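# Fold and contact review
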Amino acid sequence: MSKKLEKYERLYEQISHYVVTTSDRWARLATIEAVLHHKMQLFFWTGVYVLVEGELIVRSYQGPVACQKLRQHTGVCWAAVDSGKTVIVKNVAEFSGHIACNPATKSEIVLPLRDEKGKIYGCLDIDSDQLGAFDEEDEQGLLKILQLVDKEK
């Protein structure tokens, strides 16, 4: 196992102890955001956008001020929500339609959030101020951590 995956395993264990105090999805996501943001050095912005009446609205985040609402079906978050798949962007300048909420963002990973029935209700959006910060190991580690959002107490 790589050092990066080992770190995600440690974070999974840490977060799993925090989230048992409530089954509230939003509290759990906020805790996940905070831990990831402060423990992963390359994470410049870490947050959740939620689908509200067909729009992606920021729910909670760590980092600089975010876009409140994302233009429909444009940008990396919408690409993940619309496709239902993780989107990894090594260089946001090369992503057609990228929404620049912060000009310091250089790379990004976005994972769709699904409820217990599999319906997408939003996305976890993580930005880095470094090019090529994310890869499939990040996706693997983050997907495991996201399982804690709706896990039974």
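One structure accompanies this document, and this report is about it. Here the structure is a predicted model, which is why all the values come from computation and not from measurement.

So, about the environment of Glu137. Counting through the fold element by element, Glu137 comes out in helix H4 (residues 136-146). In sequence terms Glu137 and Lys4 are 133 residues apart; their C-alpha atoms lie 7.2 Å from each other. A distance of 2.9 Å separates the side chain of Glu137 from the side chain of Ser2, its partner in a polar contact.

In a regular helix each residue adds 1.5 Å, so 16 residues correspond to 22 Å; helix H1 (residues 3-18) covers 23 Å between its end C-alpha atoms and thus fits that length. Within the sequence span of H1, burial applies to Leu5, Tyr8, Leu11, Tyr12, Ile15 and Ser16. Viewed along the axis of H1, the buried residues span an arc of 135°, placing them on a single side of the element. Residues Lys3, Arg10 and His17 are exposed on H1 and point more than 90 degrees away from its buried face. Of the surrounding elements, those touching the buried residues of H1 are helix H2 (25-39) and H4.

What the rule picks out here adds up to six salt bridges. Residues Glu116 and Arg25 are paired through a salt bridge, measuring 3.4 Å at the closest nitrogen-oxygen approach. Note that Glu116 is positioned in the loop between strand S5 (107-114) and strand S6 (120-128) and Arg25 in helix H2, a separation of 91 residues in sequence. Residue class for Glu116 comes out exposed when judged on its relative accessible area of 63%.

Attention now goes to helix H3 (residues 75-83). Turning to H3, its buried residues are Gly75, Val76, Cys77, Trp78, Ala80 and Val81. Elements that come into contact with the buried residues of H3 comprise strand S1 (45-52), strand S2 (55-62), strand S3 (69-70), strand S4 (87-89), S5 and S6.

This paragraph deals with unusual backbone geometry. Positive phi outside glycine occurs at Glu53, with the angle close to 50°. Tracing the backbone shows Glu53 in the loop between S1 and S2.

Let us look at the sheet that holds S1. Strand order in the open sheet formed by six strands is S3-S2-S1-S6-S5-S4, and the pairing between neighbours is antiparallel. Whereas interior strands pair on both sides, the edge strands pair on one side only; in this sheet they are S3 and S4. Taken together, the two bridges between S2 and S3 define a ladder with antiparallel strand orientation. Counterpart to Leu56 in the pairing with S3 is Leu70. Contacting S1, S2, S3, S4, S5 and S6, H3 crosses the sheet at an angle of about 35° to S5.

For the rest of this paragraph, the subject is the packing of H1 against H2. Interaxial distance between H1 and H2 falls to 10 Å at its minimum, and their mutual angle equals 145°. For H1 against H2, the interelement crossing comes out right-handed. Contact residues: H1 offers Lys7, Tyr8, Leu11, Gln14, Ile15 and Tyr18, while H2 offers Thr31, Ile32, Val35, Leu36 and Lys39.

Here we come to the side chain of Asp127. Examined against the element boundaries, Asp127 turns out to sit in strand S6. In this structure, Asp127 is buried with no salt-bridge partner, the nearest side chain bearing the opposite charge being Lys106 at 11 Å. Side chain to side chain, Asp127 and Thr105 meet in a polar contact 3.3 Å long. Leave out the neighbours within four places in its chain, and Asp127 touches Leu42, Phe43, Phe44, Trp45, Thr105, Ser107, Glu108 and Phe134.

Conventions and cut-offs
Residues numbered from 1 in each chain as written. Predicted model: local features only at pLDDT ≥ 70, side-chain atom pairs only at ≥ 80, totals over all residues. Heavy atoms only, no water. Helix = DSSP H or I, 4+ residues; strand = E, 2+ residues; numbered from the N terminus. Polar contact = N/O pair within 3.5 Å; in protein donor to acceptor, adjacent residues only side chain to side chain. Expected span 1.5 Å × (residues − 1). Buried < 20%, exposed > 50% of the residue type's maximum accessible area, 1.4 Å probe, protein only. Arc of directions from axis to C-beta. Contact = heavy atoms within 4.5 Å. Salt bridge = Lys/Arg side-chain N within 4 Å of Asp/Glu carboxyl O. Pairing = 2+ DSSP bridges. Axes fitted to C-alpha atoms, helices over the stretch in contact; angles between N-to-C directions. Left-handed = near helix turned anticlockwise from the far one by under 90°. Lys, Arg positive; Asp, Glu negative; His and termini not counted.

Nothing here speaks to function; it is all geometry.
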